[in-house]
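Breakdown of the fold
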Amino acid sequence: MELKREFVLRNIADDWILVPVGKDAIDMNGLIVLNELGVFLWQKIPEAANEDDLLSAVLEEYDVTPDEARADIADFLKKLREMQIF
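In this text, all values refer to a predicted model and were calculated from it rather than measured experimentally.

1. A look at unusual backbone geometry
Not every positive phi belongs to a glycine, and A13 is a case in point at roughly 50°. By the element assignment, A13 lies in the loop between β1 (7–12) and β2 (15–20). Even without being glycine, Q84 reaches a positive phi, approximately 55°. Note that Q84 resides in the segment after α4 (66–82).

Here it is, written out as structure tokens:
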């Protein structure tokens, strides 16, 4: 899976933040704060071929049902699409 914009993930004062870099730093106004699952998914996206790979990774890492995991993944990816990141 490929991201359309460039970000650096930083931990600042116990918050995980996506900081836009390069040209995207000018285009994006602000930072994006991620929760624990958001950080996990963000780190898995580059190595995932599709959403099923993300689902498998979430189910392996977290004690959730497949339906809960699918819904959380869909919500996260929807937000990234809305911000034209994914």
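2. Focus on the pattern of salt bridges
Scanning all chains against the criterion turns up 5 salt bridges. In this structure, K79 and D75 form a salt bridge, with 3.3 Å as the shortest nitrogen-oxygen distance. Here K79 pairs with D75, and both are found in helix α4, just 4 residues apart, close to one helical turn. What makes D75 partly exposed here is its relative accessible area of 37%. A salt bridge links K78 to E82; its shortest N-O distance comes to 3.8 Å. Placement of both K78 and E82 in helix α4 is noted, with a separation of 4 residues, approximately one turn of the helix.

3. With respect to the packing of aromatic side chains
When we look at a pair of aromatic rings, we describe it by the centre distance and by the angle of the planes. For the coordinates displayed, the defined rule picks out 2 aromatic pairs. Centroid distance F7 to W42: 5.8 Å. Interplanar angle 90°. Geometry classified as edge-to-face. Of this pair, F7 sits in strand β1 while W42 is found in helix α2 (residues 36–44), placing the two residues 35 residues apart along the sequence. Taking the centre distance of 5.4 Å and the plane angle of 85° together, the rings of F40 and Y62 count as edge-to-face. Within this pair, whereas F40 is found in helix α2, its partner Y62 is found in the loop between α3 (51–61) and α4, the two being separated by 22 residues in sequence.

4. A few points about the sheet that holds strand β3 (residues 32–34)
In space, the 3 strands of this open sheet follow the order β1-β2-β3, with antiparallel pairing throughout. Both edges of this open sheet fall to β1 and β3, since each of them pairs with a single strand only. Averaged over neighbouring strand pairs, the angle between their axes works out to 30° when direction is ignored. Taken together, the 6 bridges between β1 and β2 define a ladder with antiparallel strand orientation. Residue I12 lies in a different strand from β2, and its bridge partner there is D15.

So, how was this worked out
Residues numbered from 1 in each chain as written. Predicted model: local features only at pLDDT ≥ 70, side-chain atom pairs only at ≥ 80, totals over all residues. Heavy atoms only, no water. Helix = DSSP H or I, 4+ residues; strand = E, 2+ residues; numbered from the N terminus. Salt bridge = Lys/Arg side-chain N within 4 Å of Asp/Glu carboxyl O. Buried < 20%, exposed > 50% of the residue type's maximum accessible area, 1.4 Å probe, protein only. Phe/Tyr/Trp six-rings, centres within 6.5 Å; stacked < 30°, edge-to-face > 60°. Pairing = 2+ DSSP bridges. Axes fitted to C-alpha atoms, helices over the stretch in contact; angles between N-to-C directions.

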